[in-house]
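Breakdown of the fold
Residues per chain, in single letters:
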Amino acid sequence: MLAGLAGNALSILVPYRIQPGSLKPTKMPGLAMLAMILCHMLVPVAMAPAFAPPLAELLWRLAGWPDVVPVNLILSVLLAALAAFAYWQTLGPWPPVATPGTKILGVVTVEVE
């Protein structure tokens, strides 16, 4: 959910043209290139919360506490609920598609590179 939200936000804020039929980007503007590089570099940071529940389960088992408690499951459900809540909260502030749509349409449909 959060990856989809981030992808949608980036496609609205930093659009760039794709060559028809090839799915390759054309010459990207500097801001789009910088945004792509930052996104690629921040993937490990964005994925770090997904590793917390299994790590907590491992530490729980190594501490010798009861095996009956599904620590990984409980924390994974809480993390999914938190992601769903964050996704739901961030949908409200976005303007309607018509507002930035003309700018995006101008960027992605221009033939001159």
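Reading guide: rules and limits
Residues numbered from 1 in each chain as written. Predicted model: local features only at pLDDT ≥ 70, side-chain atom pairs only at ≥ 80, totals over all residues. Heavy atoms only, no water. Helix = DSSP H or I, 4+ residues; strand = E, 2+ residues; numbered from the N terminus. Buried < 20%, exposed > 50% of the residue type's maximum accessible area, 1.4 Å probe, protein only. Contact = heavy atoms within 4.5 Å. Areas by Shrake-Rupley, 256 points an atom, 1.4 Å probe, with all protein chains shown as cover. Phe/Tyr/Trp six-rings, centres within 6.5 Å; stacked < 30°, edge-to-face > 60°. Axes fitted to C-alpha atoms, helices over the stretch in contact; angles between N-to-C directions. Parallel < 35°, antiparallel > 145°, perpendicular 65-115°, else oblique. Left-handed = near helix turned anticlockwise from the far one by under 90°. Nonpolar A, V, L, I, M, F, W, Y, C, P; charged D, E, K, R; others polar.

Some thoughts on the overall build of the chain
A tally of helices and strands in the chain yields five helices and zero strands. Helices and strands appear in the chain in the N-to-C order α-α-α-α-α. Across the 113 residues of the chain, 13% fall into the buried class. Long-range contacts, defined here as pairs at least 24 residues apart, represent 53% of the contacts in the chain between residues at least 6 apart. Accessible surface, the chain as shown: approximately 8500 Å² in total, 78% of it carbon and sulfur.

Regarding the packing of aromatic side chains
In total, this model carries two aromatic pairs according to the counting rule given. A ring pair is formed by Trp60 and Trp65, whose centres lie 5.0 Å apart and whose planes are at 70 degrees; its orientation type is edge-to-face. Classification of Trp60 as partly exposed rests on a relative accessible area of 22%. When the ring of Phe85 is compared with that of Trp88, the centres are 5.9 Å apart and the planes differ by 50 degrees; the resulting orientation is tilted. Of this pair, Phe85 and Trp88 both sit in helix H4 (residues 71-91), three residues apart, which is roughly one turn of that helix.

Some points on the environment of Ala52
The topology assignment puts Ala52 in helix H3 (residues 43-62). Residue class for Ala52 comes out partly exposed when judged on its relative accessible area of 40%. Each C-alpha atom, one on Ala52 and one on Ser76, is 8.6 Å from the other, the two residues being 24 residues apart in sequence.

Topic: the side chain of Glu57
You can see Glu57 is positioned in helix H3. Given the relative accessible area of 13%, Glu57 is considered buried. Ignoring sequence-local partners within four residues, the contact set of Glu57 consists of Val69, Pro70, Val71 and Asn72.

Here's the deal with the packing of H3 against H4
Contact geometry for H3 and H4: axes closest at 8 Å, N-to-C directions at 160 degrees. Our classification of the angle between H3 and H4 gives roughly antiparallel. Note on packing geometry: the crossing formed by H3 with H4 is right-handed. Counting all contacts with H3, which are made through Pro49, Ala50, Pro53, Pro54, Ala56, Glu57 and Trp60, the residues of H4 involved are Val71, Asn72, Leu75, Ser76 and Leu79. Across the contact of H3 with H4, the residue classes tally to nine nonpolar, two polar and one charged.

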